[in-house]
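What follows is each chain in one-letter form.
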Amino acid sequence: MKSLTSTALPERAVVALDPLLQLIAATYRTPGPALRADLESGAFADACGALADALDLEPPAFGPLDFGALQERHVALFVSSGDGIVAPPYAGFAVDGELLGDTFQAMGGTFARYGIEVRGDWADLPDHVTAVAEGAGLLLAAGAVDGALEVLERYLAPWFDRYAAAVAAADVGGVYGALTPFLDAAIKEVVREAQA
């Protein structure tokens, strides 16, 4: 697979990278007041629309918002369910099928090469897709576009490849069911352009 580099990346994909990473980070963390405000105000839908326009994609369609139901769906899809978790939110697990495996270790090395390390008081697994997207966003903000793209391609894309269809099937008509395949398509478009 050809590696992503900022010198080969079309401008529209570079411009789309920051909002893409922000949407991923906002979507998969535990739903709280900030997400609720963004969903209720339309800011979240506007961000999705802008990303869709930037990449010539169809934006996700959201039905009426029931924030309590959204919180329940988050738990059932990504945290705990009697029927099994649909999509464990760990990038390394999506590749290796285990927590703290080889992919987790490689990801830590990728971030360390760019000077990003996990704080000692961090309480969650550092390969949670939210944390990975936030880390890639830090790389992007520091001007390390290549590093942000590497994280997108090697660690976030496999999670979406593995779980987007399952989330869509398990959350028909829900925010996660609409948004996860959209973000998967956006990632694929950025990677496709970079590899062209």
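Since the structure is predicted, the reported quantities are computational estimates derived from the model, not experimental observations.

1. Side note on the overall build of the protein
Stage number 1. For the protein, the count of helices and strands is nine helices and zero strands.
Stage number 2. In the protein, the succession of α and β elements from N to C terminus is α-α-α-α-α-α-α-α-α.
Stage number 3. The C-alpha atoms of the protein give a radius of gyration of 16 Å, which matches the 16 Å a tight globule of 196 residues would have.
Stage number 4. In terms of overall dimensions, the protein has a C-alpha envelope of 40 × 35 × 30 Å along the principal axes.
Stage number 5. For the protein, restricting intrachain contacts to residue pairs at least 6 apart in sequence, the fraction spanning at least 24 positions comes to 75%.
Stage number 6. For the protein, the exposed surface amounts to about 9200 Å²; the carbon and sulfur share of it is 55%.
Stage number 7. Across the protein, 11 positive and 27 negative side-chain charges occur, with their mean positions spaced 3 Å apart.

2. A look at the environment of L55
Stage number 1. Assignment of secondary structure puts L55 in helix 3 (residues 43-55).
Stage number 2. Relative accessible area serves as the criterion here: at 1%, L55 is assigned to the buried category.
Stage number 3. As for L55 and A141, which are separated by 86 residues in sequence, their C-alpha atoms are 21 Å apart.

3. What to know about the pattern of salt bridges
Opposite charge on two side chains permits them to pair, given that their charged atoms come into close proximity.
Stage number 1. Applying the stated criterion to the full structure yields eight salt bridges.
Stage number 2. With a closest N to O distance of 2.0 Å, R29 and E134 form a salt bridge. Here the residue R29 occupies a position in the loop between helix 1 (11-28) and helix 2 (33-41), and E134 occupies one in helix 7 (residues 129-141), the gap between them amounting to 105 residues.
Stage number 3. Judged by its relative accessible area of 33%, E134 is partly exposed.

4. Topic: the nonpolar core
Stage number 1. Within the largest apolar cluster, 53 residues are counted, with the highest numbers of intra-cluster contacts made by L20, I24, Y28, L51, W159 and L183.
Stage number 2. The biggest single contributor to this core is helix 8 (residues 145-170), with twelve residues.
Stage number 3. Residue contacts for L183: discarding those within four places in its chain leaves L20, L23, I24, T27, Y28, L51 and F160.

5. Observations concerning the environment of A26
Stage number 1. Note that A26 resides in helix 1.
Stage number 2. Using a relative accessible area of 21% as the deciding quantity, one classes A26 as partly exposed.
Stage number 3. Note: C-alpha distance between A26 and L55 (29 residues apart in sequence) is 20 Å.
Stage number 4. Setting aside its immediate chain neighbours within four residues, A26 contacts L35 and F44.

6. Re the confidence of the model for the protein
Stage number 1. Across the protein, the average pLDDT comes to 85, with 90% of residues at or above 70.
Stage number 2. Contacts of residues 1-7 to residues separated by more than four positions or lying in other chains number 17 contacts, the stretch itself having pLDDT below 50.

7. Focus on the packing of helix 3 against helix 9 (residues 175-195)
Stage number 1. Where helix 3 meets helix 9, the axes come as close as 10 Å, and the angle between the chain directions of the two elements is 30 degrees. Considering how the two elements wind past one another, helix 3 and helix 9 form a crossing that is left-handed. Residues F44, C48, L51, A52 and L55 of helix 3 lie in contact with helix 9, whose contacting residues are L179, F182, L183, A186, E189 and V190.
Stage number 2. Residue composition of the contact of helix 3 with helix 9, by class: ten nonpolar, no polar and one charged.

What counts as what
- Residues numbered from 1 in each chain as written.
- Predicted model: local features only at pLDDT ≥ 70, side-chain atom pairs only at ≥ 80, totals over all residues.
- Heavy atoms only, no water.
- Helix = DSSP H or I, 4+ residues; strand = E, 2+ residues; numbered from the N terminus.
- Rg over C-alpha atoms; globule rule 2.2 N^0.38 Å.
- Contact = heavy atoms within 4.5 Å.
- Areas by Shrake-Rupley, 256 points an atom, 1.4 Å probe, with all protein chains shown as cover.
- Lys, Arg positive; Asp, Glu negative; His and termini not counted.
- Charge placed at Lys NZ, Arg CZ, Asp CG, Glu CD.
- Buried < 20%, exposed > 50% of the residue type's maximum accessible area, 1.4 Å probe, protein only.
- Salt bridge = Lys/Arg side-chain N within 4 Å of Asp/Glu carboxyl O.
- Core = buried A, V, L, I, M, F, W, Y, C linked by side-chain atoms within 4.5 Å.
- pLDDT = per-residue confidence, 0-100.
- Axes fitted to C-alpha atoms, helices over the stretch in contact; angles between N-to-C directions.
- Left-handed = near helix turned anticlockwise from the far one by under 90°.
- Nonpolar A, V, L, I, M, F, W, Y, C, P; charged D, E, K, R; others polar.

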